[in-house]
Amino acid sequence: AGPGETFPLRNAVEGQKAPAFSIKPVRGSGWSSAAPPVKPMVVCYYRRGQRFSNSALESLALLAPRFAPQGIPFVAVNPAGDDGPGFDVERSTALAFATDVDRALYGSWGFFILPTTVVLDKEGRIRAAFASDPGDLAEKVAGALEDALGMPRKPADAASPKGPLAEPARGLARRLLV
């Protein structure tokens, strides 16, 4: 978290091992802290039908192919029973979708703002965490992944549109209530 921002996880600390977790995607095999990832991974805990969650998922779905050659999983985790309309699962093959059946991940990591996107390094340590959709989520996640992979950072594209959420993180609670 940057100056004036709160770290978006109550039970986790940036730079330390992520609290115990087990993620089972809707399709395919899962991930667990018992077997730490051998590559970095991105986990986005989201709420279906929420504007900020949909925006974060769209950003991550566009970013994921850039890191596909390195085999980086991008996992979107939704609380079980959350059946509102939302991001089209079938439309995105770039993200692995999962449900948090007993909300164990939600509780162990201490999410309190949805969506929250977490970047883990190959040792299972929290490299970065971002609350809501700051407008430049893809750039922030890409930077954290590049650091975790030891890659040189790509300069941000000055011509890329930032969208309406690009203002500083001030007033986050006010924006969430809109």
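As shown above, the structure is provided for reference.
Presented here is an overview of the structure given in this document. None of the values given here were measured: they were computed from a predicted structure. (Residues numbered from 1 in each chain as written. Predicted model: local features only at pLDDT ≥ 70, side-chain atom pairs only at ≥ 80, totals over all residues. Heavy atoms only, no water.)

Quick notes on the environment of Ile23
Then step 1. Checked against the element boundaries, Ile23 lands in strand S1 (residues 22-23).
Then step 2. In this structure Ile23 comes out as buried when scored by relative accessible area, which is 4%.
Then step 3. Apart from residues lying up to four places away in sequence, Ile23 is in contact with Gly30, Trp31, Val43, Val75, Val77, Ala98 and Leu105. (Helix = DSSP H or I, 4+ residues; strand = E, 2+ residues; numbered from the N terminus. Buried < 20%, exposed > 50% of the residue type's maximum accessible area, 1.4 Å probe, protein only. Contact = heavy atoms within 4.5 Å.)

Digging into the packing of aromatic side chains
When we look at a pair of aromatic rings, we describe it by the centre distance and by the angle of the planes.
Then step 1. Across all of its chains, the model carries 6 aromatic pairs by this definition.
Then step 2. Judged by centre distance (5.7 Å) and plane angle (45 degrees), the ring pair of Tyr45 and Tyr106 falls under tilted. Residue Tyr45 is located in strand S3 (residues 41-45), and its partner Tyr106 is located in helix H2 (residues 104-109); the two are separated by 61 residues in the primary sequence.
Then step 3. Classification of Tyr45 as buried rests on a relative accessible area of 0%.
Then step 4. Each ring, one from Tyr45 and one from Phe111, has its centre 4.6 Å from the other, and the planes form 25 degrees; the classification is stacked. Pair noted here: Tyr45 is in strand S3 and Phe111 is in the loop between H2 and strand S6 (116-120), with a separation of 66 residues, a long-range link.
Then step 5. These aromatic residues form a ring-pair network of at least three members: Phe21, Tyr45, Tyr106, Trp109 and Phe111.
Then step 6. If you follow Arg51 out to its NZ or CZ, it ends over the ring of Phe52, 4.8 Å from the centre. (Phe/Tyr/Trp six-rings, centres within 6.5 Å; stacked < 30°, edge-to-face > 60°. Lys NZ or Arg CZ within 6 Å of the ring centre and 35° of its normal.)

A word on the side chain of Thr116
Then step 1. Mapped onto the elements of the fold, Thr116 is located in strand S6.
Then step 2. For Thr116, a relative accessible area of 0% corresponds to the buried category.
Then step 3. Among the polar contacts made by the side chain of Thr116, one reaches the main-chain carbonyl oxygen of Ile113 at a distance of 2.4 Å.
Then step 4. Dropping the residues within four chain positions of it, Thr116 is found in contact with Pro8, Leu9, Val43, Cys44, Tyr45, Phe111, Phe130 and Ala131. (Polar contact = N/O pair within 3.5 Å; in protein donor to acceptor, adjacent residues only side chain to side chain.)

Overview of the pattern of salt bridges
Then step 1. All chains considered together, the criterion is met by 4 salt bridges.
Then step 2. The partner of Glu146 in a salt bridge is Arg66, with the nearest N and O atoms 2.2 Å apart. With Glu146 in helix H3 (residues 137-149) and Arg66 in helix H1 (residues 51-67), the pair connects residues that are 80 residues apart, well separated along the chain.
Then step 3. Judged by its relative accessible area of 2%, Glu146 falls in the buried class.
Then step 4. Under the relative-accessibility criterion, Arg66 is labelled partly exposed at 35%.
Then step 5. The salt bridge involving Asp121 is made with Arg125; its shortest N-O contact spans 2.9 Å.
Then step 6. Of the residues examined, Asp121 reaches a relative accessible area of 4% and is grouped as buried.
Then step 7. Through salt bridges with shared partners, a single ionic network connects Asp121, Glu123 and Arg125. (Salt bridge = Lys/Arg side-chain N within 4 Å of Asp/Glu carboxyl O.)

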